Amino acid sequence: MSKILVVTSGKGGVGKTTTSASIATGLALRGHKVAVIDFDVGLRNLDLIMGVERRVVYDFVNVVQGEANLTQALIKDKRIENLFVLAASQTKDKDALTEEGVKKVLDGLKSDGFDYIVCDSPAGIEKGAQLAMYFADEAIVVSNPEVSSVRDADRMLGLLASKSHRAVNNMPSIKQHLLVTRYSPARAEIGEMMSIEDMMEILAVPLLGVIPESPAVLNASNSGQPVILDQESDAGQAYADAIARLLGEERPLRFLTVNKKGFFSRLFGN
Amino acid sequence: MGLLNFFRGKKENTAKLAKERLQIIIAHERAQNRPSHEFLPKLEKELLDVIRRYVQIADDAVKVKLDRDGDVDVLELNIVLPDQVAKE
Ligand SMILES: Nc1ncnc2c1ncn2[C@@H]1O[C@H](COP(=O)(O)OP(=O)(O)OP(=O)(O)O)[C@@H](O)[C@H]1O
Ligand SMILES: [Mg+2]
């Protein structure tokens, strides 16, 4: 059985694409067959984060419009077995994606035996974001510990519960997960930033993980390697923990407190 | 209050303030975006069925309306009984 996961947030720039890349890669590292789809029509980015930007020949819209088949458009990852990327179209036509078109592609991936289909949503709550979440079985709602991001996350949780395929057809609701990204323990400790408890109390959704603010993320995107592949880094380890929890394993939360030894270990290279 | 505490106290307030403001605005927005009207047609039909077990009434004899009065939802039922029943 294929599972469709959407990575969404409402607010832009909170870490959806970073998360989609690492979640897809992490699931494939665990032996699952995974496709990750960029739904951000006109603003293709996932290809860069996955490091496949020079191998895009056909994209999502090409498949929807029948100009290419899935086999032609799926880009096979060169590092990890069973990981495939479907790039967003760079067309300016925002209406290039339709509900039927998306359904056709998802059905195609299901019959190709994909275990997980990860949908990287565009920002906003308009059509693009609604299409990305519409057919989802589970949703990872990404939020930063910051007021506008939390408010938008709550709007998105409302939409998942009322405007998705599952909601409209009275099916069991989408399983929701909260992923807090760009968390700064130091700033939370001195009361400059909302804590994880604050965010969970407000949003009332089970916590999938906390990804610390980390220079490793920029390094990862610079080199086109999803940060989960950098298992030396805090962010990479935090994403690996999130994968474990997604697969039903128990993992204690890490990187929530200021690591007093961190400075020295960094200074002396561990 | 020492100078250090003064600054620290001020910072502590911003995260707390953020949380308090969010709790208020989110409660408000959740109430507004609730898809409360979706069940009304079904409620209308089921009420009609129940009443018909006792009284024969017309298809349009049951009217259900949901209104919002400030923070309170008001459910208004209007059931028109046929003349001879009303007289009894
Ligand atoms: N944990 C993190 N630590 C530091 N920087 C991060 C972290 N997560 C994301 N970023 C940075 O934040 C920026 C936005 O990330 P990303 O592109 O993943 O967000 P997005 O939600 O997909 O944005 P958009 O809404 O535009 O699609 C990027 O520059 C990324 O490197
Ligand atoms: Mg993105």
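It should be noted that the structure appears before, not after, this text.
Computed from a prediction, not measured in an experiment: that's the story for all the values here.

What counts as what
Residues numbered from 1 in each chain as written. Chains lettered and ligands numbered in written order. Predicted model: local features only at pLDDT ≥ 70, side-chain atom pairs only at ≥ 80, totals over all residues. Heavy atoms only, no water. Buried < 20%, exposed > 50% of the residue type's maximum accessible area, 1.4 Å probe, protein only. Helix = DSSP H or I, 4+ residues; strand = E, 2+ residues; numbered from the N terminus. Contact = heavy atoms within 4.5 Å. Pairing = 2+ DSSP bridges. Axes fitted to C-alpha atoms, helices over the stretch in contact; angles between N-to-C directions. Buried area = accessible area lost by both parts, 1.4 Å probe. Salt bridge = Lys/Arg side-chain N within 4 Å of Asp/Glu carboxyl O. Phe/Tyr/Trp six-rings, centres within 6.5 Å; stacked < 30°, edge-to-face > 60°.

Chemist: Any chance you could explain helix 6 (residues 127–134) of chain A here in plain terms?
Modeler: Residue pairs spaced three or four apart in an α-helix point in one direction, given the helix's 3.6 residues per turn. All of the buried residues in helix 6 of chain A are A:A129, A:L131, A:A132, A:M133 and A:Y134. In this structure, the buried residues of helix 6 of chain A make contact with strand 1 (3–8), helix 5 (99–111), strand 5 (116–120), helix 7 (147–162) and helix 8 (165–168) of chain A.

Chemist: Can you walk me through the sheet that holds strand 2 (residues 34–38) of chain A in this structure?
Modeler: Within a sheet, adjacent strands bond to each other through the backbone by hydrogen bonds, running parallel or antiparallel. All names here are of chain A. Pairing within the open sheet is mixed, and its eight strands lie in the order 3-4-2-5-1-6-7-8. The sheet is open, and its two edges are formed by strand 3 (75–76) and strand 8 (207–212), each paired on a single side. Pairing analysis gives five bridges linking strand 7 (residues 175–183) to strand 8, with the strands arranged parallel. In the sheet register, L178 faces strand 8, and the bridge partner there is L207. Where helix 12 (residues 234–246) meets the sheet, it contacts strand 1, strand 6 (138–143), strand 7 and strand 8, and its direction lies at approximately 175 degrees from that of strand 8.

Chemist: I tried to follow the interface of chain B and chain A on my own but got confused; where do I start?
Modeler: If you look at the interface, chain B gives 14 residues, while chain A gives 15 residues. For the pair chain B and chain A, the summed buried surface comes to about 1,400 Å²; carbon and sulfur atoms form 57% of the total. One can count four salt bridges joining chain B with chain A. Residues B:E29 and A:R151 are paired through a salt bridge, measuring 2.7 Å at the closest nitrogen-oxygen approach.

Chemist: What exactly am I supposed to notice about the pairing of strand 6 of chain A here?
Modeler: The two faces of the sheet receive side chains in turn, since in a regular strand these alternate between them. All names here are of chain A. When you tally the buried positions in strand 6, you get six out of six residues, the bulk of the element. Residue alternation in strand 6 divides its side chains into two sets, E138, I140 and V142 and A139, V141 and S143, and both sets are buried. As judged from the four bridges shared by strand 1 and strand 6, these two strands associate in the parallel manner. The residue of strand 6 that forms the bridge with T8 is V141. The pairing of strand 6 with strand 7 spans six bridges and is parallel.

Chemist: Can you walk me through the packing of aromatic side chains in this structure?
Modeler: Two descriptors summarise a pair of aromatic rings, namely the distance from one centre to the other and the angle between the planes of the rings. Residue and element names in this part refer to chain A. A full pass over the atoms with the stated rule returns three aromatic pairs over all chains. With a centroid separation of 5.0 Å and an interplanar angle of 80 degrees, the aromatic rings of F39 and F60 are classed as edge-to-face. Taken together, the residues F39 in the loop between strand 2 and helix 2 (46–50) and F60 in helix 3 (residues 60–64) connect sequence positions 21 residues apart. According to the relative accessible area criterion, F39 is buried, its value standing at 1%.

Chemist: Please clarify how the pattern of salt bridges should be interpreted in this entry.
Modeler: When their charged atoms lie close together, side chains carrying opposite charge are able to pair. Residue and element names in this part refer to chain A. For the structure shown, the criterion picks out 18 salt bridges over all chains. The residue R254 makes a salt bridge to D241 at a minimum N-O spacing of 3.0 Å. Placement of the pair is R254 in the loop between helix 12 and helix 13 (262–267) and D241 in helix 12, with a sequence separation of 13 residues. Through salt bridges with shared partners, a single ionic network connects R30, E249 and R251.

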